Each structure stands twice: as structure tokens, then as C-alpha cells.
Amino acid sequence: MTPPVVLTVAGSDSGAGAGIQADLKVFAALGVYGTSVITAVTAQNTHQVRAVFPVAAAMVTEQLTALAGDLPPVAVKTGMLGDAAVAAAVAAAARAGLLPNLVVDPVLVSTSGARLGVVDAIERLLPYALVATPNRAEAAAILGRPVAGPDEMAEAARQLGTGGPRYVVVTGGDVDDSGLATGGGEAFGGAVDALWTGTEVRLLRRPWVPTRNTHGTGCSFSAAIAARLALGDQVPDAVAFAKEYVTRALLGARTWSLGSGHGPLDHFGWSDAAAGGSSSPGATDSPSESGPTGGSGPPSGSGPSGGSDSPSGSGPLGGSGPPSGFGSSSTGRLLS
Ligand SMILES: Nc1ncnc2c1ncn2[C@@H]1O[C@H](COP(=O)(O)OP(=O)(O)OP(=O)(O)O)[C@@H](O)[C@H]1O
Ligand SMILES: Cc1ncc(CO)c(N)n1
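The numbers attached to residues start from 1 for each chain and follow its sequence in the written order. By the order in which they are written, chains take letters starting at A while ligands take numbers starting at 1. A pLDDT threshold of at least 70 governs which residues receive local features in this predicted model, and a stricter bar of 80 or more applies before side-chain atom pairs are shown or counted, although totals over entire chains, interfaces and linings include all residues. Computation of side-chain values: all heavy atoms of the structure, hydrogens and water removed.

- The name an unreviewed UniProt entry assigns to the protein chain is Hydroxymethylpyrimidine/phosphomethylpyrimidine kinase, from the organism Plantactinospora endophytica.
- Database annotation for the protein chain, UniProt heading Function (unreviewed entry): "Catalyzes the phosphorylation of hydroxymethylpyrimidine phosphate (HMP-P) to HMP-PP, and of HMP to HMP-P."
- UniProt positions are given in the numbering used here, feature names are shortened, and annotations may be inferred rather than shown by experiment. You can read under Pathway (unreviewed entry) in the UniProt record for the protein chain the words "Cofactor biosynthesis; thiamine diphosphate biosynthesis; 4-amino-2-methyl-5-diphosphomethylpyrimidine from 5-amino-1-(5-phospho-D-ribosyl)imidazole: step 3/3."

**Here we look at the packing of aromatic side chains**
No. 1: Note on aromatic pairs: the rings of Phe, Tyr and Trp (six-membered ring only in Trp) are paired at centre separations within 6.5 Å, and the planes decide the class, stacked below 30 degrees, edge-to-face beyond 60, tilted for the rest. Under the counting rule described, the total for this entry stands at two aromatic pairs.
No. 2: Between Phe268 and Trp270, the ring centres sit 5.6 Å apart and the planes meet at 25°, which makes this aromatic pair stacked.
No. 3: The structure contains a cluster of three or more aromatic residues connected by ring pairs, namely Trp256, Phe268 and Trp270.
No. 4: Placement of a positive charge over a ring is assigned whenever Lys NZ or Arg CZ falls within 6 Å of the ring centre and within 35 degrees of the normal to the ring plane. Geometry around Phe241 places Arg228 over its ring, the cationic atom sitting 4.2 Å from the centre.

**Some details on the site of ligand 1**
No. 1: Throughout, the term near means that a residue has one or more heavy atoms lying within 4 Å of the molecule or strand in question. For ligand 1, the set of nearby residues contains 19 residues, the closest of which are Asn135, Thr171, Asp193, Val209 and Thr217.
No. 2: Contact distances for ligand 1 include 2.5 Å between an oxygen atom and a side-chain N or O atom of Asp193.
No. 3: Measuring from an oxygen atom of ligand 1, one finds a backbone N or O atom of Gly218 at 2.9 Å.
No. 4: Only the protein chains shown count as cover for residues, and all accessible areas are computed by the Shrake-Rupley method using a 1.4 Å probe. For ligand 1, whose free accessible area comes to 630 Å², the fraction covered by protein is 94%.
No. 5: Only strand E8 (191–196), helix H7 (217–230) and helix H8 (235–252) provide two or more residues apiece to the shell around ligand 1.
No. 6: Where helices and strands are cited, they refer to DSSP runs of H or I of at least four residues and of E of at least two residues respectively, numbered from the N terminus. A per-element tally of the shell around ligand 1 places H7 first, with four residues.
No. 7: All amino acids are sorted into three groups, where Ala, Val, Leu, Ile, Met, Phe, Trp, Tyr, Cys and Pro are nonpolar, Asp, Glu, Lys and Arg are charged, and the leftover types, Gly among them, are polar. Looking at the shell around ligand 1 residue by residue, the classes come out as eight nonpolar, eight polar and three charged. For the purposes of these results, a polar contact is taken to be a pair of N or O atoms within 3.5 Å, where, inside protein, one atom must be able to donate a hydrogen and its partner to accept one; residues adjacent in sequence count only when each atom of the pair is a side-chain atom.

**A few points about the nonpolar core**
No. 1: Judged by nonpolar contacts, the single largest core of 41 residues is most densely connected at Leu7, Val9, Leu64, Val90, Leu99 and Val170.
No. 2: Per element, the largest residue contribution to this core is six residues, and it comes from helix H3 (residues 84–95).
No. 3: Here, two residues are considered to be in contact whenever any of their heavy atoms come within 4.5 Å of each other. Not counting chain neighbours up to four residues away, the residues in contact with Val170 comprise Pro134, Asn135, Arg136, Ala139, Met153, Ala156, Ala157, Leu160, Val192, Asp193 and Ala194.
No. 4: For this analysis, a nonpolar core means a set of buried residues of the types Ala, Val, Leu, Ile, Met, Phe, Trp, Tyr and Cys, connected via side-chain atoms within 4.5 Å. Any residue under 20% of the maximum accessible area for its type is buried, any over 50% is exposed, and the rest in between are partly exposed; the area is computed with a 1.4 Å probe on protein chains only. Listed in part, the 35 residues of the second largest apolar core include Ile225, Ala227, Ala230 and Leu251.

**Remarks on the sheet that holds strand E6 (residues 131–132)**
The pairing of strands in a sheet comes from backbone hydrogen bonds and takes either a parallel or an antiparallel form.
No. 1: When DSSP locates at least two bridges between a pair of strands, those strands are taken to pair. Reading across from one edge, E3-E2-E1-E4-E5-E6-E7-E8-E9 is the order of the nine strands in this open sheet, with mixed pairing throughout. The open sheet has two edge strands with one neighbour each: strand E3 (49–54) and strand E9 (201–206).
No. 2: Axis geometry follows a simple rule: fit a line to the C-alpha atoms, using only the stretch in contact for helices, then measure angles between N-to-C directions, giving values from 0 to 180 degrees. Strands strand E1 (5–13) and strand E2 (33–44) of the sheet are contacted by helix H2 (residues 57–68), whose axis makes an angle of about 165° with E2.

**What about the pairing of E9?**
No. 1: For E9, the buried fraction is high: five of the six residues fall into the buried class.
No. 2: Two strands pair when backbone bridges link them, and E8 and E9 are joined in this way by six bridges, in the antiparallel orientation. Residue pairing in the sheet places Ala191 in a bridge with Arg206 of E9.
No. 3: The turn joining E8 and E9, which pair antiparallel and follow one another in sequence, is formed by four residues; a positive phi near 105° is taken by Gly198.

**Section: the site of ligand 2**
No. 1: Neighbouring ligand 2 are the residues Gly11, Ser12, Ala18, Gly19, Gln44, Met80, Val107, Ser110, Leu116, His215 and Cys219.
No. 2: Gln44 places a side-chain nitrogen or oxygen 2.7 Å from a nitrogen atom of ligand 2.
No. 3: When ligand 2 sits alone it has 290 Å² of accessible area, and the protein chains cover 94% of it.
No. 4: Here the residues of the shell around ligand 2 sort into five nonpolar, six polar and no charged.

**A word on the side chain of Lys77**
No. 1: As for its placement among the helices and strands, Lys77 is situated in strand E4 (residues 75–78).
No. 2: Engagement of the side chain of Lys77 in a polar contact is seen with the side chain of Ser222, the distance being 3.0 Å.
No. 3: Aside from chain neighbours lying at most four places away, what touches Lys77 is Leu7, Thr8, Val9, Asp23, Phe27, Val103, Asp105, Cys219, Ser222, Ala223 and Ala226.

**Let's talk about unusual backbone geometry**
No. 1: For Ala16, which is not glycine, the phi torsion reads 65° and is therefore positive.
No. 2: Within the secondary structure, Ala16 sits in the loop between E1 and helix H1 (19–30).
No. 3: Of note in the backbone geometry, Asn101 takes a positive phi value of approximately 45° without being a glycine.
No. 4: By the element assignment, Asn101 lies in the loop between H3 and strand E5 (102–104).
No. 5: Of the residues examined, Asn101 reaches a relative accessible area of 32% and is grouped as partly exposed.

Right, dumping it as C-alpha cells:
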């Protein structure tokens, strides 16, 4: 079977935990063929972004054109866009219909605090997005007001949804300056994201993973959504899958020591494969999903945990098979 093509339009992270490198790992892990348009090159490790070298907008257009004619994507995600000229080039491609099933991750600031994008640039692209995935700080920057707990995240998702993207997920994985979880942990009963579906807001709640290794969570989340859209999921199913995938990838890398700052995720489920599939987010906390619309869990037959609310051993990182088995099936149980 020929895998679907999924395109990432993003920046290069030399540390390979975020950006283009993370996206391509997610695509490979989930069984889709990843292509890439590089918008900027960053000199970056687990501590800091030392430098950013923007790619000229004309070169971004060349990359988009090269792919459109030969490897057209079924789904696309955008991450770091850098400057307004690059964003305009990407928006022009979207307007021309070259970026179907577009997931826009409005990257503004890195985990380490470096500025990687500007609000104006993001706003150019949002009208073309099928899904937007701002974190709380990005949602706040776009809306021009603070976005604090789950209620405000829900309201922000709804408000952003009326201005462009059909679906909006405001993610709550960010930490405050001291490294404490502000969008999850005990206070909110887990890591909470707010999904606007066009008609309602659903709160997606998974266990908070206590770890320093959170570099690239947002990139990986949006890449997983795009991959699952390309494999045929409806948006809410793709989002539920991505939430589960990131939770398990965080859990797998929880004690890794790659760099001494914010390390990367376990994109391929290596830890779980080594442990025989014993780790599970369900083992560390309780509910899989809850919120105003009730807990629906990952989608039956297409989600990472096969529709079960107790994902132990059945999610993308939960099985005992080889990591290459991730997501190669669109039928749900990826490793079991
Ligand atoms: N420590 C954690 N435990 C559980 N889930 C987490 C944790 N950190 C992030 N997440 C989840 O990861 C996904 C990505 O959200 P997050 O808010 O971290 O994105 P982001 O801030 O854009 O990431 P990035 O640091 O790459 O910019 C969300 O589903 C969020 O709930
Ligand atoms: C290239 C790049 N894109 C996105 C992020 C956000 O995590 C990052 N740190 N680096």
C-alpha cells in the first residue's frame, strides 16, 4: 500500500526534538510519508535557541511548488514560519489550494522562550486552517488577553474558531517560568486541552506527565493530527489520537537524559517496546477524557486506544510489538 503524503512547513531544529525533525519522526512513526518545506534554520539544543537563519520567502515558494507538482500532500501542518514574508508565501499556497487539511500550529515562542514567529504572520494563515493548535500563551497573544484555566481555554478556543479555523485546540501543556505546570497537573486534574468543534467545546484530559522532557510537544501534537487526517480520521478523532500519542511519547521519554535541558519525546515508543508495553498514561492517573460533553475517549476503531477509556497497553506506545508498528494501521489498535 502506498502511504499518504503529509507535508510539514516548519523550521529546522538542530537538536531534533521539535520543528521539521520532530514532525518527520511523528510521520514515520504513524505510517505516513513525510515531506518538508523548511522556513528557517535554527541553531538550537535542549536549553536554548542560539540563532535563527530565515529562509527567503522565494525559496519557501520554490519548495512548495516542487512538492505540489510531484508529491502533493493529503494533509499539511505548519509550525514555525519565521517572518511575515514567509507566512505570506505559505498563505498564497493555501489560497491556491495546495495545502489541504491544513493544521496550523501557531508557533510564536520556543519552550526555552525564544521568539520564533509573529502574530501578524500567524493571522494570515489562520483563515485557511482546518485545525489550529495554539497553546495557551499563543492563544493569548492572538486574542490579546490572558488565557488561564480550562474555562478560559474553552472560551478562547470558541472565539478563535469563529475567526477562521473550523476546529481549534487550545493546548495546556505549557509551564511557567519556574518550570511548574500551569496548564495541567493536580490543579486541573491532568493535562487539559480545549477543542472547539464548530458547535461545542470539549475538554480533553489526559494524565499530566511529570518530566523535563517536553521539547517539541506542540510540534508532535499537530504533526500527529495531520498524519491521522491523512489516514482518514475525522478531526475530533485525529485530535484524540494525537493527545494520546503525545501523552505516551512523553511518558516513554520521562526519564531520558538527552541533553541537560528540555529533552525530546519518545516518538517511536522505544521505551515501551523495551519494557514490553507496560507503560500507560492510564497507569499514572485516572480519566481519559472529560468535559462539558462528557468523556468520549479516543475514537472507537480509529483511536490509539481502540476506543477504550482505559488505554493500558493498547495505545500507540502501549503495545509490545516493534516500534515500526506504530500507526501503520488505520484501523485503530496500532500495537497491542
Ligand atoms: N507534561 C505533560 N504531560 C501531559 N501532556 C502534556 C505535557 N506537556 C504537554 N502536554 C500535551 O502536549 C500537547 C501539546 O501541547 P503544548 O501546550 O505542550 O504545546 P506547545 O506549548 O505548543 O509545545 P511546544 O513546547 O512544542 O511549543 C497537548 O496535548 C498538551 O496537553
Ligand atoms: C524549529 C522549531 N520549531 C518549533 C519549536 C517550538 O517548540 C522549536 N523549538 N523549534
